[in-house]
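Examining the three-dimensional arrangement
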Amino acid sequence: MELNPFEVAKKQIDIVAEEMGLDPNVREYLKRVERALIVTIPILMDDGSIQIFEGYRVQHSTVRGPGKGGIRYSPEVTLDEVKALAIWMTWKCSLLNLPLGGAKGGVCVDPRKLSNRELEHLTRRYTSEIINMIGPDIDIPAPDVNTNAQIMAWIMDTYSMNKGRSVPGVVTGKPIEIGGSVGREPATGMGLYYVLEAMCERLKLDLKPLSIVVQGFGNVGGTIADLLYKEGCKIMAVSDISGGIYYSEGLEIDKLLEWTKQGKYLKDYEDKKYKLITNDELLTLECDVLIPAALENQITQNNADKIKCKIVLEGANGPVTTIADKILLDKGIKVIPDILANGGGVCVSYFEYVQDIRAYFWELERINKELKKIILKAFEAVYTLSKERNISLRTAAYVIAVSRIAKAIELRGIFP
Ligand code: NAD
């Protein structure tokens, strides 16, 4: 139960509903998703066999605007996981005050086991199956775990071919050459950086001497590790799905990124100074800032007690379960919640969407300036409310996000 992300997401709604005295009808409404589609994706494999994959697209709430949320390819994807991720997107877009709702998609597949042709066919068939549910005014997907700009290009092309015209605004996180935005790829990491910097300022901590541990070394984990490494922080450990590597004096992140960009695993990186560790060991290392940036449910009631850091910066969505969250709070660890910390990605996705619709593209300087403005405004509001009410940063973030959704429901009324 603790590890079903949909149950975690619903529990979080209960916690915030109590805190803000939310109308019980709205509370129950928010625990439901507006729409969920399950699709079957048959693929003719290179060896002539047919393999069947299952995919999902879920819209939790479009009360404040079209759905927005990534697509995940992973053998562990379930409908409940996608529902939870869609719920978290609703709160994230609301907290950042973007005119977008919450959605998410997933396909139950290990993309590493597919050839490039099979991956393209899977993506195009999945897009065809969900085509009536997506669109610039309806729901705009983006990359998530194991999906990237190339996959977004295939989605954009499949959608466009079906509509008979180019529709770049149907997805974000596309290659720049076909309507993508500068700054989108590192945006989540940039957002994490701005939020951590602001938090350190409040805690009167200097960023440079901090020791950092990062779980997950993909788009989010790799970018934030690199930004903090360049800032001069000591990145003591990083990990990917193969396991982690640790060096108390600090890892050379630039070299590790070169390595993993070739599709290689961290566990195979050869440097005698570096010690191989498991993902479980990595999470309990003593450090200043722990950044879970892989998957949900990494800090649970089983290991929360052993976490030894000052700040948990949630790069991933839902990395800390509700029970673990309470344990960390009691230990005095500051948890910067996912819907605030990793909001940089959806923020620049929103900029990409706006640029596509207007067919007018911005410079990187403007992207980063506006990203910083939006994310720091959200940080300020969350931090202030948490101090005023003596509540956790997560509860404060939820109070702000859920209040805006509840207001929108009240203003729009219940149809018919
Ligand atoms: P990614 O596919 O680029 O990278 C994921 C990383 O996690 C890889 O290094 C992978 O090896 C590692 N990993 C996968 N399974 C693992 C496991 N069981 N244990 C340890 N490591 C594991 O994905 P990403 O885009 O960096 O997303 C990471 C997290 O951040 C997800 O929770 C995602 O929802 C969230 N997120 C992503 C974005 C974005 O813009 N990409 C935005 C907001 C939140």
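Heads up: the structure comes first, above all this text.
Throughout what follows, the structure given in this document is the object of discussion. (Residues numbered from 1 in each chain as written. Predicted model: local features only at pLDDT ≥ 70, side-chain atom pairs only at ≥ 80, totals over all residues. Heavy atoms only, no water.)

Let us look at the pairing of strand S6 (residues 211–215). With five of its five residues buried, S6 lies for the most part within the structure. Two strands pair when backbone bridges link them, and S6 and strand S7 (residues 234–240) are joined in this way by five bridges, in the parallel orientation. In the strand pairing of S7, valine 214 is matched with valine 238. Handedness of the S6-helix H7 (residues 219–231)-S7 crossover: right-handed. Where S6 lies against strand S10 (residues 289–292), four bridges are found, and the strand directions are parallel. Counted as the bridge partner of isoleucine 212 is valine 289 from S10. (Buried < 20%, exposed > 50% of the residue type's maximum accessible area, 1.4 Å probe, protein only. Helix = DSSP H or I, 4+ residues; strand = E, 2+ residues; numbered from the N terminus. Pairing = 2+ DSSP bridges. Right-handed = clockwise from strand over helix to strand, strands pointing away.)

So, about the site of the ligand. The environment of the ligand is formed by 23 residues, the closest being Asp144, Thr188, Asn219, Val220 and Asn317. Between the ligand and glycine 218 there is a distance of 3.3 Å, counted from an oxygen atom to a backbone nitrogen or oxygen. Asparagine 317 is positioned with one of its side-chain polar atoms (N or O) 2.8 Å from an oxygen atom of the ligand. Taken together, the residues of the shell around the ligand break down into eight nonpolar, 10 polar and five charged. No fewer than three residues from each of domain 1 (33–166) and domain 2 (187–341) sit in the shell around the ligand. (Near = heavy atom within 4 Å. Polar contact = N/O pair within 3.5 Å; in protein donor to acceptor, adjacent residues only side chain to side chain. Nonpolar A, V, L, I, M, F, W, Y, C, P; charged D, E, K, R; others polar. Domains from an automatic or database assignment.)

Moving on, we get to the pattern of salt bridges. If the charged atoms of two oppositely charged side chains come close together, the side chains can form a pair. Taken as a whole, this structure holds 31 salt bridges when the rule is applied. Of the charged contacts in the structure, one is a salt bridge between glutamate 7 and lysine 10, with a shortest N-O distance of 3.7 Å. Taken together, the residues glutamate 7 and lysine 10, both in helix H1 (residues 5–20) and three residues apart, mark about one turn of the helix. With a shortest N-O distance of 2.7 Å, lysine 174 and glutamate 352 are connected by a salt bridge. (Salt bridge = Lys/Arg side-chain N within 4 Å of Asp/Glu carboxyl O.)

Moving on: the sheet that holds strand S11 (residues 311–313). Note on sheets: strands pair through backbone hydrogen bonds, and any given pair is parallel or antiparallel. With mixed pairing, the seven strands of this open sheet are ordered in space as S9-S8-S7-S6-S10-S11-S12. Every interior strand has two partners, whereas the edge strands, strand S9 (275–277) and strand S12 (334–336), have only one. Neighbouring strand axes in the sheet, compared pairwise and without regard to direction, differ in orientation by 20° on average. Packing of H7 onto the sheet brings it into contact with S6, S7 and S10, and relative to S6 it is tilted by some 165°. (Axes fitted to C-alpha atoms, helices over the stretch in contact; angles between N-to-C directions. Contact = heavy atoms within 4.5 Å.)

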